[in-house]
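Next come the chains, spelled out residue by residue.
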Amino acid sequence: MKVLVPVKRVVDYNVKIRVSADGSGVDLANVKMSMNPFDEIAVEQAVRLKEAGTASEVVVVSIGPAQAQDVLRTALAMGADRAILITTEGTTEPLTVAKLLKGVVAEEEPGLVILGKQAIDDDCNQTGQMLSALLGWSQATFASEIELSGDMAKVTREVDGGLQAIEVTLPAIVTADLRLNEPRYASLPNIMKAKKKPLDTKTPEDFGVDVARRLNVLRVEEPAGRQAGVKVGSVAELLDKLKNEAGVI
Ligand code: AMP
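Every value quoted in this text rests on a predicted model; they were computed, and no experiment measured them.

Draft legend 1. Structural view of the nonpolar core. Within the largest apolar cluster, 40 residues are counted, with the highest numbers of intra-cluster contacts made by Val-3, Val-5, Val-43, Val-60, Leu-112, Ile-114 and Ile-146. The element contributing the most residues to this core is helix α1 (residues 37-51), with 7 residues. In contact with Val-60, not counting residues within four places along its chain, are Val-5, Val-43, Leu-72, Ala-75, Leu-76, Ala-80, Arg-82, Ala-83 and Ile-84. Formed by 19 residues, the second largest nonpolar core is a distinct cluster that contains Leu-4, Ile-86, Ala-98 and Leu-101.

Draft legend 2. Representation of a nonpolar patch on the surface in the model. There is a patch of nonpolar side chains on the surface, built from Val-235, Leu-239, Val-248 and Ile-249 and spanning about 400 Å² of accessible area. Summarising the element assignment, Val-248 is placed in the segment after α6 (235-244).

Draft legend 3. Structural context of the site of the ligand. Around the ligand sit 19 residues in total, of which Asp-39, Ile-63, Ala-119, Asn-125 and Thr-127 are the nearest. Measuring from an oxygen atom of the ligand, one finds a side-chain N or O atom of Asn-36 at 3.0 Å. One of the backbone nitrogen or oxygen atoms of Ala-119 is found 2.8 Å away from an oxygen atom of the ligand. Here the ligand loses 99% of its free accessible area of 480 Å² to cover by the protein chains. For the shell around the ligand, the element with the highest residue contribution is strand β4 (residues 57-64), accounting for 3 residues. Residues belonging to the shell around the ligand are distributed by class as follows: 8 nonpolar, 8 polar and 3 charged.

Draft legend 4. Molecular detail of the pairing of strand β7 (residues 138-149). Taken together, the 4 bridges between β7 and strand β10 (residues 172-176) define a ladder with parallel strand orientation. Looking across to β10, one finds that Ala-140 is bridged to Val-174. One ladder, built from 6 bridges, connects β7 with strand β8 (residues 152-159); its direction is antiparallel. Of the residues in β8, the one forming a bridge with Glu-147 is Lys-154. Turn length for the β7-β8 hairpin, with the two strands adjacent in sequence and antiparallel, is 2 residues, and the turn residue Gly-150 shows positive phi of about 60°.

Draft legend 5. Examining the pairing of strand β1 (residues 2-6) more closely. Burial runs high along β1: 5 of the 5 residues are buried. Both faces of β1 are covered, namely the face carrying Lys-2, Leu-4 and Pro-6 and the face carrying Val-3 and Val-5. The sheet contact formed by β1 and strand β6 (residues 112-116) spans 2 bridges and is parallel. Looking at β6, one finds that Leu-4 is bridged to Val-113.

Draft legend 6. Looking closely at the sheet that holds β8. Taken in spatial order, the 9 strands of this open sheet run β9-β8-β7-β10-β6-β1-β4-β5-β11, and their pairing is mixed. Bordering the open sheet on either side are β9 (162-169) and β11 (199-202), each of which pairs with just one other strand. Taking the axes of each pair of neighbouring strands and ignoring which way they run, one obtains an average angle of 30° across the sheet. Bridging between β8 and β9 involves 8 bridges; their strand directions are antiparallel. Across the sheet, Glu-158 pairs through a bridge with Leu-163, a residue of β9.

The rules behind these values
- Residues numbered from 1 in each chain as written.
- Predicted model: local features only at pLDDT ≥ 70, side-chain atom pairs only at ≥ 80, totals over all residues.
- Heavy atoms only, no water.
- Core = buried A, V, L, I, M, F, W, Y, C linked by side-chain atoms within 4.5 Å.
- Buried < 20%, exposed > 50% of the residue type's maximum accessible area, 1.4 Å probe, protein only.
- Helix = DSSP H or I, 4+ residues; strand = E, 2+ residues; numbered from the N terminus.
- Contact = heavy atoms within 4.5 Å.
- Patch = residues over 30% accessible without salt bridge, like charges linked within 9 Å, V, L, I, M, F, W, Y side chains within 5 Å.
- Areas by Shrake-Rupley, 256 points an atom, 1.4 Å probe, with all protein chains shown as cover.
- Salt bridge = Lys/Arg side-chain N within 4 Å of Asp/Glu carboxyl O.
- Near = heavy atom within 4 Å.
- Polar contact = N/O pair within 3.5 Å; in protein donor to acceptor, adjacent residues only side chain to side chain.
- Nonpolar A, V, L, I, M, F, W, Y, C, P; charged D, E, K, R; others polar.
- Pairing = 2+ DSSP bridges.
- Axes fitted to C-alpha atoms, helices over the stretch in contact; angles between N-to-C directions.

What follows is the structure, encoded as structure tokens:
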């Protein structure tokens, strides 16, 4: 069974985001970019399936600028077999990404698609669900455990206040949550080997998908700064402030 893993190039999670001066978005000049952390978990899971003999091939796909090759090479160094880059300019909305992924699925015919549960730049948490709807496939989101047997997948989902175990029929869409696994670091020899692995480049036109944006971002703002705290001299003063200033007791 082939496993397809979509990976997005996003601002590295360690970077302190700055809102651009005109409030239209995030300042991306000279900012470190990396693979979306949930997508690293998805790649790790697919590679583990291959190592266990359950998956026959792991194909990774990214939709973005030419520089998105870097995250594809990282995925190849982690153990993916082959990569596809669909080049686009600017940002792509989840529905556009889902439509392009539907085209990739039609060509590649994977038995399983593992996405990240969300991209940490737009925090949309939509692409996997939209892809599942477009394909008419089962979906298991927020996965913290995946067990494949025959044409079924048993997935443990992280839901509010606990875990939910579900079974879905394959082919299926799974989205990876934080506790699914701990992704490996790519070793230097594997980084070198990844340079020779196949990376195909395509365009949205190859899939007949219009990438024009349909959503307009009106304004992006920094969160309000936190006010400095105060030191109180006694429990009585604390209670007085909580009661008469904060009004919380
Ligand atoms: P989102 O719905 O934007 O929060 O993204 C959820 C998941 O969809 C990500 O973790 C990726 O697996 C996938 N995805 C979103 N955008 C892209 C993209 N431009 N290229 C490849 N995969 C993507």
